[in-house]
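Architecture and fold: a report
So you can see what is in the structure, the chains are spelled out below.
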Amino acid sequence: AQSVTQPDIHITVSEGASLELRCNYSYGATPYLFWYVQSPGQGLQLLLKYFSGDTLVQGIKGFEAEFKRSQSSFNLRKPSVHWSDAAEYFCAVGKYSGGGADGLTFGKGTHLIIQP
Amino acid sequence: DAGVTQSPTHLIKTRGQQVTLRCSPKSGHDTVSWYQQALGQGPQFIFQYYEEEERQRGNFPDRFSGHQFPNYSSELNVNALLLGDSALYLCASSFGPVGVYEQYFGPGTRLTVT
């Protein structure tokens, strides 16, 4: 079964500084990888996804992520964070089986705090 | 274009009771998935419905059941509620189970079991 590990429970970054959130996955084949963001009391918003092709993917709100097969990682990055980026970030993995796309497996999330 | 909508927003139930949560998918989507998100945790996959049938199920007991209607909306039913069922229940919709997909999430229903 696939699994997702987000090693950092909390991360504090100063506004304007760069950000990297780590995600490691376990899956036997090439997975579908996602990053979602969740603001307090809200549902999940998709930031970006990787299915195949270019291993560096661009998302919304200035985020990007790089798929590294050799490290089983899909880390999320942003060159300069804004106070509005404070939220919970979830990495997720999905797979496509013969019968169709399956439910996502999520990590436990990383809580991002932005310091003024 | 309306996104995924869920009702009710909040719900308080007593142990042993039954609850029904509702979800309307994003326009054009025909597949609905349900997730349970306990406090401080990531969402956990409950099950997925496509063409009014349960396609896939996560590691949840039979107390959790669902239904999909011809208009693609869906219900999640939980019987014999336990304190541990207190969570945010998220509905996600997507277009078809076949091929590349991405899921759009609703705001969730916060269920509290006392």
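Heads up: the structure comes first, above all this text.
First, a word on what this report is: a plain description of the structure on this page. (Residues numbered from 1 in each chain as written. Chains lettered and ligands numbered in written order. Predicted model: local features only at pLDDT ≥ 70, side-chain atom pairs only at ≥ 80, totals over all residues. Heavy atoms only, no water.)

Comments concerning unusual backbone geometry
As a reminder of what qualifies: For helices the rule is a DSSP run of H or I covering at least 4 residues; for strands it is a run of E covering at least 2, with both sets numbered from the N terminus onward. The buried label goes to any residue with under 20% of its type's maximum accessible area, the exposed label to any with over 50%, and the partly exposed label to all in between, with areas taken from a 1.4 Å probe on protein chains only.
Cis geometry marks the peptide bond from Ser7(B) to Pro8(B), where omega comes out at -10°. Within the element layout of this structure, Pro8(B) appears in the loop between strand S1 (5-7) and strand S2 (10-13). Residue Ser72(A) is not a glycine yet carries a positive backbone phi of 50°. By secondary structure assignment, the location of Ser72(A) is in the loop between strand S8 (64-68) and strand S9 (73-78). Classification of Ser72(A) by relative accessible area gives partly exposed; the value is 26%. Positive phi outside glycine occurs at Tyr72(B), with the angle close to 80°. When you line up the elements, Tyr72(B) lands in the loop between strand S7 (64-68) and strand S8 (74-78). Residue Tyr72(B) is classed as partly exposed on the basis of its relative accessible area of 39%.

Some remarks on the nonpolar core
Using the following cut-off: We call a set of buried Ala, Val, Leu, Ile, Met, Phe, Trp, Tyr and Cys residues a nonpolar core when their side-chain atoms join them within 4.5 Å. Contacts were defined at the residue level, with two residues in contact if any of their heavy atoms lie within 4.5 Å.
In terms of nonpolar packing, the biggest core is built from 26 residues, with Leu19(A), Trp35(A), Leu47(A), Leu48(A), Phe74(A), Leu76(A) and Tyr89(A) touching the most fellow members. Sorting the residues of this core by element identifies strand S2 (10-14), strand S3 (19-21), strand S5 (32-38), strand S6 (44-50), S8, S9, strand S10 (87-94) and strand S14 (110-115) of chain A as the ones contributing at least two each. Sequence-distant contacts of Leu47(A), that is, excluding residues within four places in its chain, are made with Trp35(A), Tyr36(A), Val37(A), Gly59(A), Ile60(A), Lys61(A), Phe63(A), Leu76(A) and Tyr89(A). If you look at the next biggest cluster of nonpolar residues, it comprises 20 residues, including Leu21(B), Tyr49(B), Phe60(B) and Cys91(B).

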